[in-house]
Amino acid sequence: MSNAVPPPLLPLPSPNRRKVILWSLAFGAFIVVLLVLHFFPPGQYPIYPVCPLREGTGLDCPGCGGLRAMHQLTNGNIAAAWRLNPAVFVILPLAAYETLMRVFLKRPERSVLAHTPSLIALGVLLLVFSVGRNLPKLAQWFP
């Protein structure tokens, strides 16, 4: 009687093959999310999360309207997406660039988010945007 371990029924994929499988699954999930956003408008279906800041205070965070803007973009309505949340037009290219630099090119040093001044500038931009979009609502609080 031998103590040898029997070979697995299916060979394990190589590390490169696993990466391809994982990226294929991630890309497939991304496509599914885009299709859900395209066919199920956020204002009409309760499957989307609600913003706790907006629910609690009535104020819009920098992301409020982002899902509705993405829905409009998947339908080709760029002007409507801009009206809902212009920050999407900053965040999407930034996210694409970050993914390209960090994941595909393996160059995290070229990442915008790897540099403190860039992070501060992005934070200030989002803060100014958030305050600016809430000025009419804030004016009601302080007549």
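Owing to the predicted nature of the structure, the values given are computational and were not obtained by experimental measurement.

Let's talk about the packing of aromatic side chains
Under the definition given, this model contains two aromatic pairs. Look at Phe40 and Tyr45: their rings are 5.1 Å apart centre to centre, the planes differ by 85°, and that puts the pair in the edge-to-face class. Its relative accessible area of 36% is what places Phe40 among the partly exposed residues. Pairing Trp82 with Phe89 gives two aromatic rings, centres 5.4 Å apart and planes at 50°, and the pair type is tilted.

A word on the nonpolar core
As a rule of thumb, nonpolar side chains are buried together in soluble globular proteins. Counting six residues, the largest nonpolar core consists of Leu37, Tyr48, Ala69, Met70, Ala81 and Val88. Setting aside residues no more than four positions away along its own chain, Ala69 makes contact with Ala81, Leu84, Asn85 and Val88.

A closer look at the confidence of the model for the protein
Taken over all residues, the pLDDT of the protein has a mean of 87, while the share at 70 or more is 94%. Within the protein, helix 1 (residues 15–39) has the poorest average pLDDT of any element, 88, and helix 4 (residues 78–84) the best, 96.

Notes on the side chain of Glu98
Turning to its location among the elements, Glu98 is positioned in helix 5 (residues 88–104). Accessibility expressed as a relative area gives 8% for Glu98, which makes it buried. Non-local contacts of Glu98, meaning those with residues more than four positions away in its chain, are made with Val103, Ser111, Val112 and Leu113.

Procedures and definitions
In every chain, residue numbers begin from 1 and rise along the written sequence. The model is predicted, so local features are restricted to residues of pLDDT at least 70 and side-chain atom pairs to those at 80 or more, both for listing and for counting; the totals for chains, interfaces and linings are taken over all residues. Note that the side-chain values use all heavy atoms of the structure and ignore hydrogens as well as water. Only centres within 6.5 Å qualify two rings of Phe, Tyr or Trp (six-membered ring in Trp) as a pair; their planes then separate them into stacked at under 30 degrees, edge-to-face at over 60, and tilted for everything else. Between buried and exposed lies partly exposed: a residue is buried under 20% and exposed over 50% of the maximum accessible area for its type, with that area taken using a 1.4 Å probe on protein chains only. For this analysis, a nonpolar core means a set of buried residues of the types Ala, Val, Leu, Ile, Met, Phe, Trp, Tyr and Cys, connected via side-chain atoms within 4.5 Å. Contacts: residue pairs with any heavy atoms within 4.5 Å of one another. As a per-residue measure, pLDDT reflects the predictor's confidence and takes values from 0 up to 100. For helices the rule is a DSSP run of H or I covering at least 4 residues; for strands it is a run of E covering at least 2, with both sets numbered from the N terminus onward.

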